[in-house]
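Structure at a glance
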Amino acid sequence: MNWGGTANLTNGTGSGNDGESGGGIENHAGALNLTNVTVSGNSADFGGGIVTFGGTLNLNHVTVSGNSAIFGGGGIYSGGTLNLTNSTVSGNSGGADGGGILNWWGTANLPNATVSENAGRSGGGIANHAA
């Protein structure tokens, strides 16, 4: 969990975890930079794979797959800024919104990203709840 600072993770894996929010990784108001990382097989109420509340997620060459959330953001729940570059979000499930990605009042940038085969009640791939 990152609370307001900057955290960098390169060439790693976060898998098989369970939490209330951010089953794999949780970020609060800081900058989280992931490069060449796989986040898979995690579960949570919100953000099965990754969750951020007001911070910035910079994901480069990241795979987010096979994660699940009871309410939303099976793969990623973003309440801040999401920069998903050259990355894949696939095979995640959100019980409510955003099987792959739930963008909650944030900004999502997805250059060269693949979002496929995710499931959710609304927004199977991406649910965008922005102003």
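Here, the structure is the one placed above.
Before going into details, it helps to say that this report is about the structure given with it. Being a predicted model, the structure only gives us computed values, none of them experimental. (Residues numbered from 1 in each chain as written. Predicted model: local features only at pLDDT ≥ 70, side-chain atom pairs only at ≥ 80, totals over all residues. Heavy atoms only, no water.)

1. Things to note about the pairing of strand β17 (residues 101-104)
Under the convention used in this document: Between any two strands, at least two bridges found by DSSP are needed for them to pair. Every helix listed is a DSSP run of H or I at least four residues long, and every strand listed is a run of E at least two residues long, numbered separately from the N terminus.
Pairing geometry for strand β13 (residues 76-78) and β17, over 3 bridges, is parallel. For Ser78, the partnering residue across the bridge sits in β17 and is Asn103. The pairing of β17 with strand β21 (residues 126-129) spans 4 bridges and is parallel. Residue pairing across strands places Asn103 opposite Asn128, the latter belonging to β21.

2. Digging into the nonpolar core
Condition: In this description, a nonpolar core means a group of buried Ala, Val, Leu, Ile, Met, Phe, Trp, Tyr and Cys residues linked to one another through side-chain atoms lying within 4.5 Å. Accessibility here uses a 1.4 Å probe with only protein chains present; expressed as a share of the type maximum, an area under 20% marks a residue as buried, one over 50% as exposed, and anything in between as partly exposed. In what follows, a contact means two residues having at least one pair of non-hydrogen atoms within 4.5 Å.
One finds Leu34, Ile50, Leu59, Val64 and Ile76 to be the most contacted residues of the largest nonpolar core, which totals 15 residues. Listed by contribution, the elements that provide at least two residues to this core are β6 (31-35), β10 (56-60) and β14 (81-85). Those residues within four positions of Leu34 in sequence are excluded, and the remaining contacts are Leu9, Ile25, Ile50, Asn58, Leu59, Asn60 and Val62.

3. Focus: the sheet that holds strand β19 (residues 114-116)
Just so we agree on the cut-off: Simply put, an axis is a line fit to the C-alpha atoms, just over the touching stretch for a helix, and the angle between two N-to-C directions goes from 0 to 180 degrees.
Strand order across the open sheet formed by 5 strands is β3-β7-β11-β15-β19, with parallel pairing between neighbours. Each end of this open sheet is capped by a strand with a single partner; those strands are β3 (13-15) and β19. The sheet shows a mean angle of 5° between the axes of neighbouring strands, direction not considered.

4. Describing the sheet that holds strand β18 (residues 107-109)
The strand order across the open sheet formed by 5 strands is β2-β6-β10-β14-β18, and the pairing between neighbours is parallel. The outermost strands of the open sheet, each flanked by one partner alone, are β2 (6-10) and β18. Neighbour to neighbour, the strand axes of the sheet diverge by 5° on average, direction disregarded. Two elements, β10 and β14, share 5 bridges in a ladder whose sense is parallel. Counterpart to Leu59 in the pairing with β14 is Leu84.

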